[in-house]
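The chain contents come next:
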Amino acid sequence: MSNVFMGMPTLPVFGMGNLHIEEPFPAAAHRELGNTQMRANLRHATHTIRDKRLKVVAELPDWEELRDAGSATKNHVMANLPALLEEFEKNFTARGGTIHWARDAHEANKIVADLIREQGTTEVVKVKSMATQEIGLNEYLEERGISAFETDLAELIVQLGHDKPSHILVPAIHKNRTEVRDIFLKEMPNVDPDLTDEPRKLAMAARAHLRRKFLSAKVAVSGANFALADSGTLAVVESEGNGRMCLTLPETLITVMGIEKLLPGKEDLEVFMQLLPRSSTGERMNPYTSLWTGVTEGDGPQNVHLILLDNGRTAALADKYGRTALNCIRCSACMNVCPVYERTGGHAYGSTYPGPIGAILSPLLTGIKSEENSSLPYASSLCGACYDACPVKINIPEILVHLRGEDVDSKRGAKKLPSQMDLMMKGASWAFSSGKHLALLEKGLPLGKLAAGRDKKIKALPGIAAGWTQSRDMLAPPTQSFRDWWKKDHTPVAPTHKQEN
Amino acid sequence: MKIALFATCIVDAMYPQTARATVKILERLGHEVVFPSGQACCGQMHINSGYMDEALPVVTNHVEAFEAEAYDVAVAPSGSCVASVKHQHPVLAERCGDSALKARAEAVGAKTFELSQLLVDVLGVTDAAEQLGSHFPHKITYHPSCHGMRSLRLGDRQLDLLKSVGGIEVADLPEADQCCGFGGTFSMKNADVSSAMLEDKTNNVKSTGASLCSGGDASCLMHIGGGLSRTKSAATTLHFAEILASTLDEPVSVTGQVFVGKGGK
Ligand code: SF4
């Protein structure tokens, strides 16, 4: 065990790594919206998973109770995290595993690289993992002469294509079959030059390529979906079985896991093993679930390491209104139903975590003051589809609104001049904080008529509202407000249908 | 019953006919409608945009305005404003550290209903033709707004009321549960994404061949209507309260080209 202090630091450490958007969301979204092929691929894929999910969820009469149970368990874990982590550490260590604590991405990467070097190798195989993507492990290793081979098919496509994942479950969701074939032909060594875009052929090509890697690798790197405190067990859930190869064949297994992935014990798994596959792939059960507890002599990896990653998680935990974002089990249901994600794709969110959960998790991990990330909480129309879909009932819309408040507050007084939005909100606050003020303002309604053309439509609004009239007309306002009509002209109509009171 | 009307800022200033229709419906049923004159806005624009300090006086005003009047229940012809009153006001008060305001906001929220909620759940209106004399001989389609659907769980209350109007024909809207892309200042801050969402919504409306898209939220209807108008569609939008208020003697006037529905009652 390393001696990095864990627990609740007085000053939260914010996360670093692939958590930052590089340009404000509206600009990134504008660019991605222009990619019509990506939009078509994404629409098709998300709608397919969406429908599948609805169908399998409807099969369970106790789905809402399961969601409540999942949410309650996670809340319990977050409230008792330090104690559960200690319990987990004790049990994991007792069974021959080694724990390392990493405060941020840099510390975690360094621990992994050092462990790989100790094994005297420069090649590792990888199980798909959000945590290692978050900390930029592959890039870090590459800079130090270590090659990391992704073994999840979609992850492999992204890696070979020198691309970035755009979805947490289906990282290559933005690519179609033909695009995948082209990537394989160009980048995969020894591939059949007559490869077609038939899914089976593509899978066979990937399998041959991966088999060579599995059999030669001495070290594997994985993530984990769950960690059970009462036994020190780790769990990985997957659908291709490649993860299982990584978890059993190499001599050394290094797992990187966020500290929030803990569950009290194995009976809690029962709930999550129903929630996760149904929410993520729309399947009743995932094909492969691997559980491992420490080292078994003569069987499987003989060196088992776990890096427990903070990288902004304790900072998020300290946020009273935002902390439930840590309950996320990375099922991706929220992004599959999000109308914004459907149109912009994952790359527009910059971070490893796209979609609705990304729009709250990234700024929570990095801090809202991290410049461009402050645009993420606004990347939502607050339609609420994500909250409805989330298996652990994370109230994403409420957290989005909370983070918007944090953003506005953090900028108060920091700017020399108030923005147009600041001024508009100030003015509207005055108008809307009294019936008299609003009535006064409504006296100006007839003026709106002047702004409208002969067809009574306003086609161009000034300033920050200009975006609105890019694609929408505004109807001219009426000449009399309701309030005015009520005062001057309202006479009750005679009842036509008497109600019992 | 004494019913306090919360007209909402956008209806008060931009769509007074929607509030007038609401009043008509309730008075026809024999209820007394009062209009607390201190009211202005629910503050959801400020809250949703993150301007919590600016939202506080707006929320306080709403609570005070509705405490000032005696009534049995309050009603608003807008799901999102009711959702804000019920769910956002107490949260905002708590966030601003005002637990007394929180309790007062909760009390006002508990008495506030969305129009279809009030009609169906409280007043027992299920057949608009029969109980309200509603008559509207047009083909319409219906967009259930996100807040009504998800925050208030209105289900099919609005749609069922519409279907019970005399002479009406209601066409199913494809992908009806998808957000229209308005989202308040979202449509300004992320105008491109909002436009892309709106485009799908207006195309779906057009695909039904209906002359009108109805719904329960003036802001969504303003957004969808604005998109229809810009793309030179003959279709337009109309609040469901106005359709319910329309009778044979007093038909609501519909602007633009109108397709006559083939439903019959
Ligand atoms: S926020 Fe909820 S729906 Fe989204 S990925 Fe996490 S668990 Fe799944």
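Going by what an unreviewed UniProt entry lists, chain B is known as L-lactate dehydrogenase complex protein LldE and is assigned to Paeniglutamicibacter kerguelensis.

Chain A is annotated in an unreviewed UniProt entry as L-lactate dehydrogenase complex protein LldF of Paeniglutamicibacter kerguelensis.

Engineer: Hey, could you run me through the overall build of chain A in this one?
Structural biologist: Looking only at helices and strands, chain A has 23 helices and 12 strands in total. The dimensions of chain A, computed from C-alpha atoms along their principal axes, are 90 × 60 × 55 Å. Out of the 501 residues belonging to chain A, those deemed buried represent 56%. Expressed as a percentage of contacts within chain A between residues at least 6 apart in sequence, the contacts between residues at least 24 apart total 75%. Put simply, chain A shows about 21900 Å² of open surface, and 55% of that area lies on carbon and sulfur atoms. Looking at charge distribution, chain A has the averaged site of its 59 positive side-chain charges lying 8 Å from that of its 60 negative ones.

Engineer: Explanation requested: the interface of chain B and chain A in the structure shown.
Structural biologist: In many analyses, interface size is given as the accessible surface area lost on bringing the parts together. Counting residues at the interface gives 73 residues for chain B, matched by 81 residues for chain A. Buried area between chain B and chain A, both sides added, is near 6600 Å², and the carbon and sulfur share of it is 56%. When the buried area of chain B at its contact with chain A is split by residue, Y51, R95 and R230 of chain B rank highest and sum to 10% of it. On inspection of chain B and its partner chain A, the count reaches 11 salt bridges. The salt bridge involving R153 of chain B is made with D388 of chain A; its shortest N-O contact spans 2.7 Å. Counting across the chain B and chain A interface gives 34 residue pairs in polar contact (both at pLDDT 80 or more). In terms of residues, the side of chain B that touches chain A owes the most to one element, helix α12 (residues 191–207) of chain B, which gives 9 residues. Considered class by class, the residues forming the side of chain B that touches chain A number 34 nonpolar, 23 polar and 16 charged.

Engineer: Quick question: what am I supposed to make of the pattern of salt bridges here?
Structural biologist: If the charged atoms of two oppositely charged side chains come close together, the side chains can form a pair. Here the structure, examined in full by the defined rule, presents 42 salt bridges over all chains. The partner of K110 of chain A in a salt bridge is D114 of chain A, and the shortest N-O contact between them spans 3.0 Å. Of this pair, K110 of chain A and D114 of chain A both sit in helix α5 (residues 105–118), 4 residues apart, which is roughly one turn of the helix. Its relative accessible area of 40% is what places K110 of chain A among the partly exposed residues. A salt bridge links D484 of chain A to K443 of chain A, with the nearest nitrogen and oxygen atoms 3.6 Å apart. On the criterion of sequence distance, the pair formed by D484 of chain A in helix α23 (residues 482–489) and K443 of chain A in the loop between α20 (435–442) and α21 (445–451) is long-range, its members being 41 residues apart. The class for K443 of chain A is exposed, based on a relative accessible area of 55%. What emerges from the salt-bridge pattern is a single network uniting E406, D409 and R412 of chain A together with D53, E54 and R95 of chain B.

Engineer: Help me understand the site of the ligand, please; the structure alone is not making it clear to me.
Structural biologist: Near the ligand, the surroundings consist of 13 residues, among which C328, C331, S332, C334 and C390 of chain A are the closest. Class assignment for the residues of the shell around the ligand results in 11 nonpolar, 1 polar and 1 charged.

Engineer: How do you make sense of a nonpolar patch on the surface when you look at a structure like this?
Structural biologist: All names here are of chain A. Side chains of W430, L440 and L441 sit close together on the surface and give an oily, nonpolar patch of about 330 Å² of accessible area. The residue L440 is located in helix α20 in this model. You can call L440 exposed: its relative accessible area is 58%.

Engineer: Hey, could you run me through the pairing of strand β8 (residues 236–239) of chain B in this one?
Structural biologist: Each regular strand shows side chains that alternate between the opposite faces of the sheet. Residues and elements named next belong to chain B. When strand β7 (residues 212–215) meets β8, the two strands line up parallel, connected through 4 bridges. Counterpart to C213 in the pairing with β8 is T237. Between β7 and its parallel partner β8, the chain crosses via helix α13 (residues 218–230), and the hand of that crossover is right-handed.

Engineer: Where do I start with the UniProt feature "domain: LUD" (unreviewed entry) in chain A in this structure?
Structural biologist: If you check UniProt for "domain: LUD" (unreviewed entry), the listed places come out as residues 85–308 of chain A in our numbering. A helix fraction of 42% and a strand fraction of 21% characterise residues 85–308 of chain A, whose end C-alpha atoms lie 9 Å from each other.

Engineer: What am I meant to see in the domain arrangement of chain B here?
Structural biologist: All names here are of chain B. Along its sequence, chain B is carved into domain 1 (2–121) and domain 2 (126–258). The C-alpha centroid of domain 2 is placed 22 Å from the C-alpha centroid of domain 1. Counting from both sides, the interface comprises 28 residues of domain 1 and, opposite them, 23 residues of domain 2. Roughly 2200 Å² is buried in total at the junction of domain 1 and domain 2, and carbon and sulfur atoms are behind 64% of that figure. The interface formed by domain 1 and domain 2 includes 2 salt bridges. Here E250 ties to K24 by a salt bridge, and the two come within 3.0 Å at their closest N and O atoms. Linking domain 1 with domain 2 are 11 residue pairs in polar contact (both at pLDDT 80 or more). Within the residue set of the side of domain 1 that touches domain 2, elements represented by two or more residues are α1 (9–14), α2 (16–28), α5 (79–95) and α7 (115–122). Per element, the largest residue contribution to the side of domain 1 that touches domain 2 is 7 residues, and it comes from α2.

Engineer: Is there a simple way to explain the UniProt feature "domain: Cysteine-rich" (unreviewed entry) in chain B in this structure?
Structural biologist: Residue and element names in this part refer to chain B. In the UniProt entry, the feature "domain: Cysteine-rich" (unreviewed entry) is given for residues 3–85 and 140–224. Helix makes up 57% of residues 3–85 and strand 12%, and the two end C-alpha atoms of the span are 16 Å apart. In residues 140–224, the share of helix is 48% and the share of strand is 12%. The end C-alpha atoms are 14 Å apart.

Engineer: Any chance you could explain the environment of K102 of chain B here in plain terms?
Structural biologist: All names here are of chain B. Within the secondary structure, K102 sits in helix α6 (residues 99–110). The class for K102 is partly exposed, based on a relative accessible area of 24%. Remark: the alpha-carbon pair of K102 and T126, spanning 24 residues in sequence, is separated by 34 Å. Discounting chain neighbours no more than four positions away, the residues touching K102 are P90, A93 and E94. A polar contact of 3.2 Å, which involves the side chain of K102, links it to the side chain of E94.

So, how was this worked out
- Residues numbered from 1 in each chain as written.
- Chains lettered and ligands numbered in written order.
- Predicted model: local features only at pLDDT ≥ 70, side-chain atom pairs only at ≥ 80, totals over all residues.
- Heavy atoms only, no water.
- Helix = DSSP H or I, 4+ residues; strand = E, 2+ residues; numbered from the N terminus.
- Buried < 20%, exposed > 50% of the residue type's maximum accessible area, 1.4 Å probe, protein only.
- Contact = heavy atoms within 4.5 Å.
- Areas by Shrake-Rupley, 256 points an atom, 1.4 Å probe, with all protein chains shown as cover.
- Lys, Arg positive; Asp, Glu negative; His and termini not counted.
- Charge placed at Lys NZ, Arg CZ, Asp CG, Glu CD.
- Buried area = accessible area lost by both parts, 1.4 Å probe.
- Salt bridge = Lys/Arg side-chain N within 4 Å of Asp/Glu carboxyl O.
- Polar contact = N/O pair within 3.5 Å; in protein donor to acceptor, adjacent residues only side chain to side chain.
- Nonpolar A, V, L, I, M, F, W, Y, C, P; charged D, E, K, R; others polar.
- Near = heavy atom within 4 Å.
- Patch = residues over 30% accessible without salt bridge, like charges linked within 9 Å, V, L, I, M, F, W, Y side chains within 5 Å.
- Pairing = 2+ DSSP bridges.
- Right-handed = clockwise from strand over helix to strand, strands pointing away.
- UniProt positions renumbered as here; feature names shortened; annotations may be inferred.
- Domains from an automatic or database assignment.

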